[in-house]
Amino acid sequence: WMLCSAGVVRGKRATCFFAIKDDLVNAGAKYVDEEVVVDGNIITSRTPADLPAFSREIIKGLERG
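Notes on the structure in this doc start here. A quick note: this is a predicted structure, and the numbers were derived from the prediction, not measured.

Calculation notes
- Each residue is numbered by its place in its chain's sequence as written, counting from 1.
- Per-residue local features of the predicted model are confined to residues with pLDDT of at least 70, and side-chain atom pairs are confined, for both listing and counting, to 80 or more; whole-chain, interface and lining totals are unaffected and use all residues.
- No hydrogens and no water enter the side-chain calculation; it runs on all heavy atoms of the structure.
- Counting from the N terminus, the helices are the DSSP runs of H or I reaching at least four residues and the strands are the DSSP runs of E reaching at least two.
- Between the two quantities, the radius of gyration covers C-alpha atoms and the globule rule is 2.2 Å times the number of residues to the power 0.38.
- Throughout, a contact is declared for two residues whenever any of their heavy atoms are within 4.5 Å.
- Reported accessibility uses the Shrake-Rupley method at a 1.4 Å probe radius. Residues are deemed covered only where the shown protein chains occlude them.
- Charged-residue counts in this description rest on Lys and Arg as positive and Asp and Glu as negative, His and the chain ends being excluded.
- We put the charge of a Lys on NZ, of an Arg on CZ, of an Asp on CG and of a Glu on CD.
- Within this scheme, the nonpolar core is defined by two criteria: the residues are buried Ala, Val, Leu, Ile, Met, Phe, Trp, Tyr or Cys, and they are joined through side-chain atoms within 4.5 Å.
- A simple rule labels every residue: compare its accessible area, found with a 1.4 Å probe on the protein chains alone, to the largest value its type can have, and call it buried under 20%, exposed over 50%, or partly exposed in between.
- Note on pairing: two strands pair once DSSP finds at least 2 bridges between them.
- Here the aromatic set is Phe, Tyr and Trp, taking the six-membered ring for Trp, and pairing holds for ring centres within 6.5 Å; pairs whose planes are under 30 degrees apart are stacked, those over 60 apart are edge-to-face, and all others are tilted.

A closer look at the overall build of the chain
Okay, so step 1: Secondary structure assignment for the chain yields three helices and four strands.
Okay, so step 2: What you see for the chain is a C-alpha radius of gyration of 11 Å, in line with the 11 Å of a compact globule of 65 residues.
Okay, so step 3: Summarising its shape, the C-alpha atoms of the chain cover approximately 30 × 25 × 15 Å along the three principal directions.
Okay, so step 4: Within the chain, residue pairs in contact and separated by at least 24 positions form 23% of the contacts whose partners lie at least 6 positions apart.
Okay, so step 5: Of the roughly 4,400 Å² that the chain leaves accessible, carbon and sulfur atoms contribute 57%.
Okay, so step 6: Placing the 9 positive and 9 negative side-chain charges of the chain at their respective mean positions leaves the two points 5 Å apart.

Remarks on the nonpolar core
Okay, so step 1: Of all hydrophobic cores here, the largest spans eight residues; its members are Cys4, Val9, Ala14, Cys16, Ile20, Leu24, Ala27 and Ala29.
Okay, so step 2: For Cys4, the residues in contact, after removing those within four places along its chain, are Val9, Asp23, Leu24 and Ala27.

Things to note about the pairing of strand S3 (residues 36-39)
Okay, so step 1: In the sheet, S3 pairs with strand S4 (residues 42-45) via four bridges, with the strands oriented antiparallel. Residue Asp39 lies in a different strand from S4, and its bridge partner there is Ile42.
Okay, so step 2: Taking the residues that link successive antiparallel strands as the turn, the S3-S4 hairpin has two residues, and the phi of Gly40 there is positive, at about 65 degrees.

Things to note about the packing of aromatic side chains
Okay, so step 1: Using the criterion set out here, one finds one aromatic pair in the structure.
Okay, so step 2: Note on Phe17 and Phe18: the rings are 4.6 Å apart at their centroids and 45 degrees apart in plane angle, and the pair reads as tilted.

Put into structure tokens, the structure is as follows:
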């Protein structure tokens, strides 16, 4: 919701917990049902089960600077 409220997802690929999918789409994001989605500097995931993949992408993003 924070990304939706901040207005930073319009035109970006993103994923989320199923309960806020409509909010993400209404904020202009291109929803995809994947464990982790990286679009530029925005990294999103769906559930706690996706945490390993999400963490790997966060680390990659930090290494890129």
